[in-house]
Amino acid sequence: MYIGYSEAETFLRNCEDAVIITHQSPDGDCIGAGYGLKDILAELGVRSRVVCSDEIPQRYSFMTDGIENEDFEPKTIIAVDIADTKLMGRYEEIYGSKVQLCIDHHESNKNYAEMTLLRPKATAACEVIYNLAKYMEVNISIHCATCLYTGIATDSGCFKYDCTTPRAHEIAAEMKRCYNEINFARINRYMFEVKTKGRMILEAKFSDLMEDYIGGKLVIVAVTMDMMENMGISAPEMEGLAPITLQLEDTEVGVLMREREPGEFKCSFRSADEINVSEICQTLGGGGHAKAAGCTIKGDVETAKAAVIAAVEKALK
Ligand SMILES: [Mn+2]
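Criteria and cut-off values
- Residues numbered from 1 in each chain as written.
- Predicted model: local features only at pLDDT ≥ 70, side-chain atom pairs only at ≥ 80, totals over all residues.
- Heavy atoms only, no water.
- 1 Å grid on protein atoms, 1.4 Å probe; cavity = no way out; pocket = protein on both sides within 12 Å on 5 of 7 lines; lining within 4 Å.
- Points joined across faces, edges and corners; volume = space filled by probe spheres on them.
- Helix = DSSP H or I, 4+ residues; strand = E, 2+ residues; numbered from the N terminus.
- Nonpolar A, V, L, I, M, F, W, Y, C, P; charged D, E, K, R; others polar.
- Pairing = 2+ DSSP bridges.
- Expected span 1.5 Å × (residues − 1).
- Bend = angle between axes of the 7 residues up to and from the residue.
- Buried < 20%, exposed > 50% of the residue type's maximum accessible area, 1.4 Å probe, protein only.
- Contact = heavy atoms within 4.5 Å.
- Axes fitted to C-alpha atoms, helices over the stretch in contact; angles between N-to-C directions.
- Salt bridge = Lys/Arg side-chain N within 4 Å of Asp/Glu carboxyl O.

## Section: the layout of surface pockets
Item 1. Considered as a void within the structure, the second largest pocket measures approximately 270 Å³ in volume.
Item 2. What lines the second largest pocket is simply Gln58, Arg59, Ser61, Phe62, Ile142, Thr146, Glu181, Ile182, Asn183, Arg186, Ile187 and Tyr190.
Item 3. Those elements giving two or more residues to the lining of the second largest pocket turn out to be helix H3 (61–64), helix H6 (142–155) and helix H8 (184–192).
Item 4. By residue number, the principal contributor to the lining of the second largest pocket is H8, which donates three residues.
Item 5. Residue classes in the lining of the second largest pocket are distributed as five nonpolar, four polar and three charged.

Next up, the structure:
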């Protein structure tokens, strides 16, 4: 059932002992949403813990350091920034069918929760949570604001993608006015400019890895587990690479394919302009947003590539 802010408020004010689930391959938005919501629940006197199927990359530690994920038998299950229970990773089996409240901004949301607060036009799940906190008139701590800002900044590509709403700019302005203590420039430097050495090496090799198809309209970069091992790159270092696939001129769709398990490729699709990659990914069992979406394809690298090329070709017709 889809709900509005008032039902979400009633639910949060009356819940206890909440587990907040974030998606696998965590990004700034799901971590910001998880830890931001945890702060809001704390303001309401509700214990909570944030869980993620994958280890949270070091560069996000400013949101998680010193935050106690309390130990209790959960009575409430909340999911943030998760369109499909498949994206919960190992938590799908435990909590997938028991989610009471989902707060999300993916148009492809599968409506798997008892109640879903879905704002498909919002820049980030963090934008929805900020609006909810304002609606509820709860205090937004410095830490909470830091988390929510990070989610909005990362999902909007530092306020430059098409998905950036007027509201995202307003929230950033409100935060800049209200939170002198937050070093916004530092957050953006760490989110967008600072790289690990492995990542720097990978990006340097990126042009060699780019393969173009359909007269240059589709660019694919496929990275197998063997390649990652040879380059000395860990999985978290692959996060956020997908937008680079769009940098080559004439590209309409860019796809980063990363082998997550042997014979299983996590595919991140990006659209330069008019092609709706969420629709393409839905034909491959995934989903997401019009300009940023994803899916998982099983098979060897050539089989997986062929599936991507066929799906994009069909969409371009
Ligand atoms: Mn998001």
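Past the structure itself, the notes keep going.
## Structural notes on the pairing of strand E6 (residues 210–213)
For a regular strand, the rule is simple: side chains alternate between the two faces of the sheet.
Item 1. Two elements, E6 and strand E7 (residues 218–223), share four bridges in a ladder whose sense is antiparallel. Residue Glu211 lies in a different strand from E7, and its bridge partner there is Ile220.
Item 2. In this structure, the hairpin formed by E6 and E7 is closed by a connection of four residues, where Ile214 is found at a positive phi of approximately 50 degrees.

## Observations regarding helix H9 (residues 197–209)
Item 1. The end-to-end C-alpha separation of H9 is 18 Å, in line with the 18 Å expected for 13 residues at 1.5 Å each.
Item 2. The sharpest bend along H9 comes to roughly 30 degrees, located at Glu203.
Item 3. Considered for burial, the residues of H9 that qualify are Gly198, Arg199, Leu202, Phe206 and Leu209.
Item 4. Packing partners of the buried residues in H9 comprise E6, E7, helix H10 (225–231) and strand E8 (253–261).

## Observations regarding the sheet that holds strand E4 (residues 101–104)
Item 1. The strand order across the open sheet formed by five strands is E2-E1-E3-E4-E5, and the pairing between neighbours is parallel. The outermost strands of the open sheet, each flanked by one partner alone, are strand E2 (48–51) and strand E5 (115–118). Adjacent strand axes in the sheet meet at a mean angle of 20 degrees when their direction is disregarded.

## Things to note about the pattern of salt bridges
Item 1. Throughout the structure, instances matching the rule amount to 16 salt bridges.
Item 2. Here Glu9 and Arg13 are joined by a salt bridge, their closest N and O atoms 2.7 Å apart. Of this pair, Glu9 and Arg13 both sit in helix H1 (residues 5–14), four residues apart, roughly one helical turn.
Item 3. Residue classification places Glu9 among the buried positions, given a relative accessible area of 17%.
Item 4. Classification of Arg13 by relative accessible area gives partly exposed; the value is 40%.
Item 5. Here Asp162 ties to Lys291 by a salt bridge, and the two come within 3.0 Å at their closest N and O atoms. Pair noted here: Asp162 is in the loop between H6 and helix H7 (166–178) and Lys291 is in the loop between strand E10 (287–288) and strand E11 (292–298), with a separation of 129 residues, a long-range link.
Item 6. The class for Lys291 is partly exposed, based on a relative accessible area of 25%.
Item 7. Here the residues in one salt-bridge network are Asp17, Arg47 and Lys75, joined through shared partners.

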